[in-house]
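Remarks on the overall topology
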Amino acid sequence: MARSTTGKIRGTYDQLSRTEKKVAQLALDNPALVSEMTIKELASATGVSTATISRFVKRMNYANYREFTMALAHTATEETPQQPSSFPELAEGDSLAMIANKTFGFSISSLRATNEALNEKDLARAVLKLINSRNVAFFGLGGSSVAALDGYHKFIRTSLNVMYHPDYDIQLMQAAKMTDEDCAIVISHSGRNHETLHIVKELQRSGVTIIAITSYSGSPLAQAADVTFLSLTDEVKYRSEGMYSLISQLTILDSLFMMTILRISSRTDKVMTRVRNVIEQTRHES
């Protein structure tokens with residue numbers, strides 16, 4: 001899976017300096033325009049030095065500015081007017097139809113940005129660890145508990161031994177009992193929740209493999225994880241509450257679930273059939 005230039009920018013946005021973010025933001029908002037600028041024109045447009053732009057380009061893993069603009073131009077040609085990279089903020093005077101349109105737009109934008117930031121090597125590492133783990137536990141508090149429960153609800157249909165509990169103290173105890181043969185999926189929009197980080201410390205102490213799902217690449221959770229997947233939205237720029245990142249978290253979990261069952265189909269088919277039969281029985285009884 002090729003990672004686009006805008007995907008790279010979104011994936012490292014939180015780690016950029018204040019001046020680098022100016023360059024990043026213009027490139028995200030107007031990739032076609034920036035792709036046609038010289039380095040001096042971009043420096044003038046963003047109010048930063050050419051040295052800052054050069055550092056930014058190297059951080060994006062491009063050899064030089066020309067390589068960066070060529071890659072950005074390729075990204076720009078793939079974008080269509082029906083697929084903008086960002087949407088206008090909701091306003092009090094918006095009609096109900098406009099509010100719905102903008103809300104759907106933010107969700108679509110979030111999914112696109114998240115997909116662009118995915119890395120196939122990270123996906124492969126995560127799936128390999130999941131299918132070979134003795135136990136897989138899901139951790140998430142507050143709003144992230146919704147995603148953690150959804151992940152547990154899906155993975156319990158597989159042959160894997162999975163765990164989840166909504167209570168923080170129980171999550172902490174579960175983390176303390178895990179070993180280096182286990183895997184933990186830890187979800188936190190900010191990646192900075194103190195209670196979640198206490199759980200992460202316990203997991204690290206036991207050598208548990210940590211797969212993180214967060215919106216901020218520079219967060220303590222992302223830095224502590226063995227594999228990090230970013231649930232990206234335009235909210236990242238405004239430090240919002242993560243309304244639109246939840247759908248990206250859920251889709252990352254959906255992707256990991258589908259990859260996992262396709263890799264262990266021979267082990268999972270019978271389990272899924274039994275689970276399906278049990279659920280069908282309860283429906284007929286009611």
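A short tour of the structure in this document, coming up. (Residues numbered from 1 in each chain as written. Predicted model: local features only at pLDDT ≥ 70, side-chain atom pairs only at ≥ 80, totals over all residues. Heavy atoms only, no water.)

As a further point, take the nonpolar core. Ranked by size, the top nonpolar core spans 27 residues in total, and within it Phe 138, Phe 155, Ile 185, Phe 229 and Leu 256 carry the most contacts. Every element with two or more residues in this core is listed here: helix H8 (120-131), strand S1 (136-140), helix H9 (144-155), strand S3 (183-187), strand S4 (209-214), strand S5 (227-230) and helix H13 (245-263). Residue contacts for Ile 185: discarding those within four places in its chain leaves Leu 130, Ala 137, Phe 138, Phe 139, Ile 211, Ile 213 and Leu 253. Residues Ile 9, Ala 43, Tyr 62 and Ala 71 belong to the second largest nonpolar core, which totals 22 residues. (Core = buried A, V, L, I, M, F, W, Y, C linked by side-chain atoms within 4.5 Å. Buried < 20%, exposed > 50% of the residue type's maximum accessible area, 1.4 Å probe, protein only. Helix = DSSP H or I, 4+ residues; strand = E, 2+ residues; numbered from the N terminus. Contact = heavy atoms within 4.5 Å.)

Here the focus is the pattern of salt bridges. It is possible for side chains bearing opposite charge to pair when their charged atoms get close. Scanning all chains against the criterion turns up nine salt bridges. In this structure, Arg 10 and Glu 116 form a salt bridge, with 2.8 Å as the shortest nitrogen-oxygen distance. You can see Arg 10 sitting in helix H1 (residues 5-12) and its partner Glu 116 sitting in helix H7 (residues 96-117), a full 106 residues away along the chain. Taken individually, Arg 10 and Glu 116 each receive the classification buried, so the pair is uniform in this respect. (Salt bridge = Lys/Arg side-chain N within 4 Å of Asp/Glu carboxyl O.)

With that out of the way, let us pick up the environment of Tyr 65. Positionally, Tyr 65 belongs in helix H6 (residues 65-78). Separated by 26 residues in the primary sequence, Tyr 65 and Ile 39 place their C-alpha atoms 7.1 Å from one another. Once residues within four sequence positions are removed from consideration, Tyr 65 is found in contact with Val 34, Met 37, Thr 38, Ile 39, Leu 42, Ile 53 and Val 57. One polar contact links the side chain of Tyr 65 to the main-chain carbonyl oxygen of Thr 38, over a distance of 3.4 Å. (Polar contact = N/O pair within 3.5 Å; in protein donor to acceptor, adjacent residues only side chain to side chain.)

Scanning the model with the defined rule gives six aromatic pairs in all. Seen in terms of ring centroids, Tyr 152 and Tyr 164 are 6.1 Å apart; in terms of plane orientation they differ by 40°. Their pairing is tilted. Here Tyr 152 is found in helix H9, whereas its partner Tyr 164 is found in the loop between strand S2 (162-163) and helix H10 (168-177), with 12 residues between them in sequence. Overall, the relative accessible area of 22% leaves Tyr 152 in the partly exposed class. Here the aromatic cluster, defined as three or more aromatic residues joined through ring pairs, consists of Phe 56, Tyr 62, Tyr 65 and Phe 68. A cation over a ring is seen here: Arg 192 above Tyr 216, with NZ or CZ 5.6 Å from the ring centre. (Phe/Tyr/Trp six-rings, centres within 6.5 Å; stacked < 30°, edge-to-face > 60°. Lys NZ or Arg CZ within 6 Å of the ring centre and 35° of its normal.)

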